[in-house]
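Structural characterization, general
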Amino acid sequence: MSDQVPVTELISPIRLEYRYTPGKESSDFLRGIKEGRLTGRRCPSCRKVYFPARAVCSMCGEAFTETVEVKDTGTLVTFAVVNVNFANRTIDLPYVAAEVLFDGADTTTSVLLAGVAPEDARMGMRVKAAWLPREQWDHTLANIDHVEPLDEPDIPYEAFKELV
Amino acid sequence: MRDVAIVSYSQYTSRREDTRNEIEFLLPVVKETLAPLGLTTHDMGFTVSGSSDYLAGQSFAFVSALDAVGPWPPIAESHVEMDGAWALYEAWVRLQHGDIDTALVYAFGKSSPGDIGRVLALQLEPYMTTPLWPDAASLAALQARALLDSGKASEKDLARVVARSRRSAQDNPWAQLKGDVDEAALLDAPLFSDPLRKHDLPPVSDGAAVMVLAAGDRARQLTANPVWIRGIDHRIDSHALGSRDLTVSPSTKLAGEKAGVTPDIDIAELHAPFSHQELILAEALGLDETRTRINPSGGALASNPVMAAGLIRIGEAAKRLAAGEGRRAVAHATSGPCLQQNLVCVLEAEQ
């Protein structure tokens, strides 16, 4: 046996296909964003507006009761400068992965920051969504290609520190 | 041992649930279970769930589901990648510690988004068995064939199990498959996975089950009809299908002995997703159908939300004892291929 090459690896292909159900809350959001509308949902208990809405408020365990229009302007709450691309991503390096608090929402959303050099990105800066051309809109947050700086005064850290 | 009782139970089951996601249908069941007790999640000493992310095809789906219980400020919680019956076991052990008096147990799962037969192949021994992608029905059929060839059961016995399930399920609002069916007519149906026919298989179901456990006097404070867990045990057979005698279930037999199953059982809820498995389980637990009502809910042949179906057996048995339909019940849950893992729970109504 000692002269035999040990088996150290076997390849066993795995593939499963699923028919995904976004659920009622996500479906409402996805229908809205296809039309260019940003909608959040307010928790009746803590009054926070989730954007995009989850199934229920993850703090209170309550179903949402109220739809709130969210604007496509917001505040850069935190960010990371990315210098290594993930597999299958082809964005020019370096890029800025941002967490943006869109106006009217109480939760942040992950988007790309562009239109500014990575070294000039800063927490608290005001940003605005850059949408894909209308004919490309679909049921996805990717309709917002990225956010870019908005010429407004920065928001003080104290106003959003809870989200960092 | 500390006496622990089931004090509240609710469930939800449907065919393919296209509108709501798991969290959206779990939330109302949690509320429905807590409401009669006048309690909230934050009154629970411990929260534990059972589910499998492979059903949803999403990593950490079980963490998302915590949204449905409102986990802020932080709660003490745990999760088992098992049927909710094993979550109940963990809650029961946790209550034995003596420092808490209540626990919330929940289970949920959608069998419909993927091909459940293939999804379940991922729980098999990964080197030699999973690469063959044997679907759950084919494996069950191997077991059924072994049982028939052993002479311990006939195809008529399988049809009898299905017909009783369909008849009993007529009173179960959550049952998907029910009706007054003729045993002989069942045998005229074509074979699906020889020797099993389509009706020997469970339906594809989505669903959730939620339960509150309480210890000792706390249970009596919360309800006039606590259902006491007199014994609970779970055991496992070999992972290697080829090394097992598939016509018997030694792990069920042992778990039943440890849990204290005796012949004086009024109601048995056995988690047998395939008809022939009910016969194997009844034998392992020494149940006599002339003495014990077996699967009065219709069992998993009537509805089978994977990961909740075992906890539902315990809930169904408890519900009937609380309603005065009997004094002692046995509830069973299974997991793994061909009844590989088994949990047995003996329940008693308040005297």
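Residues numbered from 1 in each chain as written. Chains lettered and ligands numbered in written order. Predicted model: local features only at pLDDT ≥ 70, side-chain atom pairs only at ≥ 80, totals over all residues.

Residues and elements named next belong to chain A. If you walk across this open sheet you meet the 3 strands as S2-S1-S3, and the pairing is antiparallel. A single partner strand is all that each edge strand has here, and the edge strands are strand S2 (49-50) and strand S3 (66-69). Pairing of strand S1 (residues 39-42) with S2, which is carried by 2 bridges, proceeds in the antiparallel orientation. Its bridge partner lying in S2, Arg41 is registered against Tyr50. (Pairing = 2+ DSSP bridges. Helix = DSSP H or I, 4+ residues; strand = E, 2+ residues; numbered from the N terminus.)

This part covers the interface of chain B and chain A. Facing the 21 residues of chain B at the interface are 21 residues of chain A. If you list the elements that add at least two residues to the side of chain B that touches chain A, you get helix H1 (22-34) and helix H5 (116-119) of chain B. With 3 residues, the single largest contributor to the side of chain B that touches chain A is H1 of chain B. Grouping the constituent residues of the side of chain B that touches chain A by class yields 9 nonpolar, 7 polar and 5 charged. (Contact = placed C-beta atoms within 7 Å. Nonpolar A, V, L, I, M, F, W, Y, C, P; charged D, E, K, R; others polar.)

Moving on, we come to the confidence of the model for chain A. In the predicted model, chain A carries a mean pLDDT of 94, and 99% of its residues have values of at least 70. Taken element by element, chain A is modelled with least confidence in helix H1 (residues 24-34) of chain A, mean pLDDT 95, and with most confidence in strand S7 (residues 126-131) of chain A, mean pLDDT 98. (pLDDT = per-residue confidence, 0-100.)

This paragraph deals with helix H10 (residues 250-259) of chain B. At 3.6 residues per turn, the α-helix brings residues three or four places apart onto the same side. Residue and element names in this part refer to chain B. Those residues of H10 that fall on the buried side of the exposure criterion are Ser251, Thr252, Ala255, Gly256 and Ala259. For H10, the arc enclosing every buried residue in end-on projection is 135 degrees, short of the 170-degree limit, so these residues lie on one face. Among the structural elements, strand S8 (227-236), helix H11 (275-284), strand S11 (328-335) and strand S12 (341-349) are those in contact with the buried residues of H10. Positioned one or two residues after H10, Gly260 has a phi angle of 90 degrees, which is positive. (Buried ≥ 20, exposed ≤ 12 C-beta atoms within 10 Å, placed from the backbone. Arc of directions from axis to C-beta.)

All names here are of chain B. Domain boundaries assigned for chain B yield domain 1 (4-115 + 204-226) and domain 2 (136-200 + 228-349). Measuring from the centre of the C-alpha atoms in domain 1 to the corresponding centre in domain 2 gives 23 Å. Listed as interface residues are 32 residues of domain 1 and, on the opposing side, 24 residues of domain 2. Those elements giving two or more residues to the side of domain 1 that touches domain 2 turn out to be strand S1 (4-14), helix H4 (84-96), strand S4 (102-110) and strand S7 (206-215). (Domains from an automatic or database assignment.)

Let us now look at H1 of chain B. All names here are of chain B. Its 13 residues give H1 an end-to-end C-alpha distance of 19 Å, which sits within 8% of 18 Å, the value for a rise of 1.5 Å per residue. With 10 of 13 residues buried, H1 lies mostly within the body of the structure. Considered for burial, the residues of H1 that qualify are Glu22, Ile23, Glu24, Phe25, Leu26, Leu27, Val29, Val30, Thr33 and Leu34. (Expected span 1.5 Å × (residues − 1).)

All names here are of chain B. Across the 5 residues of strand S2 (residues 46-50), 5 count as buried, placing the element largely inside the fold. Alternating positions in S2 separate into two faces, Phe46, Val48 and Gly50 on one and Thr47 and Ser49 on the other, with burial throughout. As paired elements, S2 and S4 share 5 bridges and run parallel to each other. What sits directly across from Ser49, in S4, is Tyr106. As judged from the 4 bridges shared by S2 and strand S3 (residues 77-80), these two strands associate in the parallel manner. Within S3, the position partnered with Gly50 by the bridge is Val80.

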